[in-house]
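# Examination of the molecular architecture
Here is how the chains run, residue by residue.
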Amino acid sequence: MANVFGVDVSKVWFDISDGQTVFKLDNERSAILKWLQTLPKDAVIAMEATSNYHALLAELAHQYGVIVFVLNPRHVHHYAKGVGRRAKTDKVDASLIRRYVVQERTYLTTWQPPTPQQKEIDTLTQRRHLLVTKKQSIVMAFKDIADNCEGYKEMLKQVSTVIDNLEKRIVQTIKQEPNTLRDYQLITSIPGIGPLTAAFMCNLLNKHSFSSIDQLTSFLGMDLIHADSGKKHSKRTLSKHGSSESRRLLFNCARAASQGQLKVMYEKFAARMIHTKATVAMMRKLLKLVFGVWKSKTAFDINKYQSPLLQIA
């Protein structure tokens, strides 16, 4: 445990805890390499995912051969509340991250660097999500004066063009390698799954090692959580711990699938639950289908799909 280091990340420097002291390190290549050379090969470095500020340290540490953990900030936040943290500073956060890894290391997954293709798709997806969000905000802000605002429609058209170009580039990037192209084609065989969602899911599945559909469902925050106690049975809700962009894409796919070949499945869900819950149920079904075709390397065939809901319908 003496070789475990907790790192609080910022744009300019890192606060690093070794269990006894906390020291600062500049967030630049030369300073990081100089520090890594002083570490033993069995060292463990843990940090939160903080925009892209953690990427350089994670990549250089992995190249050096040490074990790297990139933690979900939400999990660390709840851990801090659980252990009764009374103050929040960079030094306290660094020590807390180290404590979290020391206590929970057996339940954590080590970080692996993405390939250049995976990194590019992640970057393009983030930029597209940013533009879509900003576009929606602009539409709402100019809703009452849109007809009298000169240049408004032209601006929206230009933003839409950039979004379309990003989507085309994401799909083109996923098609560059034979393995990802094959998986992309398998996923697009599922009703309702469009090119953008197929590229996103293909990149995700090849970047992480999911051994079961439960792991994938939990990773994307599509797992159900509850708080039962005694005779009390709480409502089941989504954990929403994973990527919000993945859930948005799956939601749109579920809406499309509900009007296509899987419409009868949606109608069975809608007969016993409200529209939103029925759509979420379709999202979970589509996620299972995506994992199934990716794992089996077999395209989806509606005639061979053994779904009790479809058989009843």
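Here is a short report on the structure shown in this document. Since we're looking at a predicted model, the values are computed, not measured.

Moving on: the packing of aromatic side chains. Enumeration over the complete set of coordinates arrives at 6 aromatic pairs. Ring plane angle 45° and centroid distance 5.9 Å describe the contact between Phe-291 and Trp-294, whose orientation is recorded as tilted. Residue Phe-291 and its partner Trp-294 are located together in helix H12 (residues 275–296), separated by 3 residues, close to a single helical turn. These aromatic residues form a ring-pair network of at least three members: Phe-5, Phe-23 and Trp-35. Above the face of the Tyr-64 ring, Lys-41 is positioned so that its terminal group lies 3.9 Å from the ring centre.

Right, let's get into the state of the cysteines. In total, this model carries 0 disulfides according to the counting rule given. Looking at Cys-253, it has no disulfide partner, and the nearest cysteine sulfur is the one in Cys-202, 14 Å off.

The next subject is the layout of surface pockets. Empty space among the atoms becomes apparent when a probe as large as a water molecule is rolled across them. Empty space within the largest pocket amounts to approximately 2,300 Å³. Ala-49, Val-70, Lys-207, His-208 and Phe-219 are the residues nearest the centre of the largest pocket, which is lined by 49 residues in total. Elements with a contribution of two residues or more to the lining of the largest pocket: helix H2 (55–64), strand S5 (67–71), helix H3 (73–82), helix H5 (116–141), helix H8 (195–207), helix H9 (213–219) and helix H10 (244–257). There is about 530 Å³ of room inside the second largest pocket. Forming the boundary of the second largest pocket are 18 residues, of which Leu-224, Arg-236, Leu-238, Lys-277 and Val-280 lie nearest the centre.

What follows is about the environment of Gln-176. Within the secondary structure, Gln-176 is located in the loop between helix H6 (152–174) and helix H7 (178–188). The class for Gln-176 is exposed, based on a relative accessible area of 58%. Considering only alpha carbons, one finds Gln-176 and Gln-117, 59 residues apart in sequence, at a separation of 8.7 Å.

Below, the discussion takes up the nonpolar core. By size, the foremost hydrophobic cluster in this structure holds 46 residues, and its most contacted members are Ile-187 and Leu-286. Every element with two or more residues in this core is listed here: H5, H6, H7, H8, H10, helix H11 (263–270) and H12. Broken down by element, this core gets its largest block of residues, 12 residues, from H12. Residues in contact with Ile-187, not counting those within four places in the same chain, are Ile-193, Ala-198, Met-201, Cys-202, Leu-205, Val-290 and Val-293. If you look at the next biggest cluster of nonpolar residues, it comprises 21 residues, including Phe-5, Phe-14, Trp-35 and Leu-36.

Each value, and the rule that gives it
- Residues numbered from 1 in each chain as written.
- Predicted model: local features only at pLDDT ≥ 70, side-chain atom pairs only at ≥ 80, totals over all residues.
- Heavy atoms only, no water.
- Phe/Tyr/Trp six-rings, centres within 6.5 Å; stacked < 30°, edge-to-face > 60°.
- Helix = DSSP H or I, 4+ residues; strand = E, 2+ residues; numbered from the N terminus.
- Lys NZ or Arg CZ within 6 Å of the ring centre and 35° of its normal.
- Disulfide = S-S within 2.5 Å.
- 1 Å grid on protein atoms, 1.4 Å probe; cavity = no way out; pocket = protein on both sides within 12 Å on 5 of 7 lines; lining within 4 Å.
- Points joined across faces, edges and corners; volume = space filled by probe spheres on them.
- Buried < 20%, exposed > 50% of the residue type's maximum accessible area, 1.4 Å probe, protein only.
- Core = buried A, V, L, I, M, F, W, Y, C linked by side-chain atoms within 4.5 Å.
- Contact = heavy atoms within 4.5 Å.

Don't take any of this as a statement about function, it's just geometry.
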